[in-house]
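Residues per chain are reported as follows:
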Amino acid sequence: MSSSKVKGICFHSARPNWVGVSLFSGELQIWDFSNGYLICQFQEDKICVRSLDFHPLQTLLAAGGDDFVIRGYDYEGQKRTFELRGHVDFVRTVQFHPELSWLLSSSDDQTLRVWNWQSKVQVAVITGHSHYVMCARFQPNKDFIASVSLDSTLRLWDYSRLKQKYTVAKTQAFALTNDVEMSAMVDGHSQGINWVDFHPTEDLMLTSSDDKTIKIWKFSRSGIYEMQVLIGHTSNVSCCMFARESKMIISNSEDGTIRLWDMNGSSITKYSFGNERQWILGQHPDLPIVASGGDNSLTVFSLRSQKFVIESKHNYSVFWSPKDNSLKAFYPNDGLLVVLLSKSRILEQLGGQANSNLKCMYIHLSPFSDNKSIEGILGIRFKKEKRVLF
C-alpha cells in the first residue's frame, strides 16, 4: 500500500467487539478488536477515506473522502448501497442521525450538508464558514449541530425548524439554508480547529486546534462560552472527546501522544507513540474503550485499569491460551492456574514476587495486512517496572 495512515475510526453500537477504520490508502475495514481478526473490507480506488460511521440500527456503513463522494455499504451483503454527490471538495466527516434517515457531512468546500441517505437527496446545505469545515457533529439529545473550521470558528446550528418541516410535511425536497439557523459562533482558537465533540449529557462542547490547545465550552441557544483551556500537547491537536463513563477528556495529536485530562484541565496521563503522528480517536458507545489511529497503526486502549495481585513464592509464566482466548498465569510448583485477561500466545517468563501488580495497558492491532493476522502487544506493569511483551 502507498500508505496505511488511519483517518477514521468508529465502534459499532450493537456489536460490541466491532471497530471500523478508514485508511489514507482508500480501504474501509471492519475488525473484531477483541479477537483480533478482519471481518470484511471495501476498497475505493486508493482514494483517501477520511471518515466513516455505522448506522445505529441497520447493517450500514457510510464513508466519505477525497473524491468528494459519500458512499454507503451493506457490510452483511458485502455491497455498496448508495452514493451521495454534491460536495465539490474533500469530505472530512460523516455521521448518521440517531433517529432520522439523515446523514451529516462536512467538507473542504466550506459547507456542511444534511442528506436523506434513503432517498439520496440533500436535505440542507449549510454555509457560513470561510475555510475547510473539518468536523460537524449532531448533538445527541437536542436539535443542534456543531461545526469547526480552519477559519478558527466554532459554530452552533439550530435545525429544529428543518426537523419539524421534514417530519410533519414528510418532504424530501432540497431545503434552503435558512431552515438551519446559526444560533451562536465564537472565534474559538488562534489557529484552525480540527475537531468538535458534544458532552453526552451536559451542555458542553470540546474543540481541538492547530494552536496546540483543547478548549471546553458551555453552550446555550444564545451563546458559546469558554470554560477551560487544556495545554500540554506540543503540536497540532488532531482530535478530542469526552470520555462517556467518567469525567475525563481524551485527546491525540501530531506530537505522537494520546492524553487523558480531567475536567479542570489537568493532564492525568499520556502515552507516547514516538514519532508516529496520531490523527483520529474513536470511543466505544458502552465500554470504557477508546481507539487512536496514527500513521501506521490502530491502537485500542482500556480506560479502566485492570489490576491483579498475585502472591507466590515461586516463578510463574504469563501466557495467552488459544483454547479460550484468555491471559493466564501458571505456577508450576504450586500447580495453580490463574486467569487474568483475554487473548492468545505465550509471552514471557516472569520471576514471582509477593504482592506483584499486573496491569493490562493496551492491545495494539495492525489493520493493514491482507490476511487475518494481527500484531499484538500487551503492556505489563510488574512492581514498579513497566514491561512491554511481544
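To be clear, the structure that these remarks concern was listed above.
Residues numbered from 1 in each chain as written. Predicted model: local features only at pLDDT ≥ 70, side-chain atom pairs only at ≥ 80, totals over all residues. Heavy atoms only, no water.

Student: Could you clarify how one ought to interpret the sheet that holds strand S23 (residues 257-262) in this entry?
Tutor: Read from one edge of the open sheet, four strands run S21-S22-S23-S24, paired in antiparallel fashion. Only two strands of the sheet have a single neighbouring strand rather than two, namely strand S21 (237-242) and strand S24 (267-272). Taken pair by pair, the neighbouring strands of this sheet meet at an average axis angle of 15°, ignoring direction. The pairing of strand S22 (residues 248-253) with S23 spans five bridges and is antiparallel. (Pairing = 2+ DSSP bridges. Helix = DSSP H or I, 4+ residues; strand = E, 2+ residues; numbered from the N terminus. Axes fitted to C-alpha atoms, helices over the stretch in contact; angles between N-to-C directions.)

Student: Can you walk me through the pairing of strand S13 (residues 133-138) in this structure?
Tutor: Looking along a regular strand, one sees the side chains alternate between the two faces of the sheet. With six of its six residues buried, S13 lies for the most part within the structure. Here five bridges tie S13 to strand S14 (residues 144-149), and the two strands are oriented antiparallel to one another. Directly across from Val133, in S14, lies its bridge partner Ser149. (Buried < 20%, exposed > 50% of the residue type's maximum accessible area, 1.4 Å probe, protein only.)

Student: Please explain the sheet that holds strand S4 (residues 37-43) as it appears in this structure.
Tutor: Backbone hydrogen bonds are what pair the strands of a sheet, in a parallel or an antiparallel way. If you trace the four strands from one edge of the open sheet to the other, you get S1-S2-S3-S4, paired in antiparallel fashion. In the strand order of this sheet, the two ends are held by strand S1 (6-11) and S4, each with one partner. Adjacent strand axes in the sheet meet at a mean angle of 20° when their direction is disregarded. The pairing of S1 with strand S2 (residues 18-23) spans five bridges and is antiparallel. Bridge pairing links Cys10 to Gly20 in S2.

Student: Whenever I open this one, the packing of aromatic side chains confuses me. Can you help?
Tutor: Geometrically, a pair of aromatic rings is defined through the distance of the ring centres and the angle of the planes. In total, this model carries 12 aromatic pairs according to the counting rule given. A centroid spacing of 5.4 Å and a plane angle of 70° characterise the contact between Trp18 and Tyr75, whose relative ring orientation is edge-to-face. Note that Trp18 is positioned in strand S2 and Tyr75 in the loop between strand S7 (70-74) and strand S8 (79-84), a separation of 57 residues in sequence. The same class applies to Trp18 as to Tyr75, namely buried. Among the aromatic residues, those joined into a ring-pair cluster are Trp102, Phe138, Tyr159 and Tyr166. (Phe/Tyr/Trp six-rings, centres within 6.5 Å; stacked < 30°, edge-to-face > 60°.)

Student: Can you help me understand the pattern of salt bridges in this one?
Tutor: When the charged atoms of two side chains with opposite charge come close together, those side chains can pair. Here the structure, examined in full by the defined rule, presents 16 salt bridges. A salt bridge links Arg113 to Asp109; the nearest nitrogen and oxygen atoms lie 3.4 Å apart. Comparing Arg113 with Asp109, the two get one shared label, buried. Its salt-bridge partner being Asp203, residue Lys142 comes within 2.9 Å of it at the nearest N-O pair. Of the two residues, Lys142 sits in the loop between S13 and S14 while Asp203 sits in the loop between strand S17 (193-198) and strand S18 (204-209), which places them 61 residues apart along the sequence. (Salt bridge = Lys/Arg side-chain N within 4 Å of Asp/Glu carboxyl O.)

Student: Would you explain the side chain of Gln29 in this entry?
Tutor: Residue position: Gln29 is located in strand S3 (residues 27-32). A polar atom in the side chain of Gln29 sits 3.0 Å from the side chain of Trp31. (Polar contact = N/O pair within 3.5 Å; in protein donor to acceptor, adjacent residues only side chain to side chain.)

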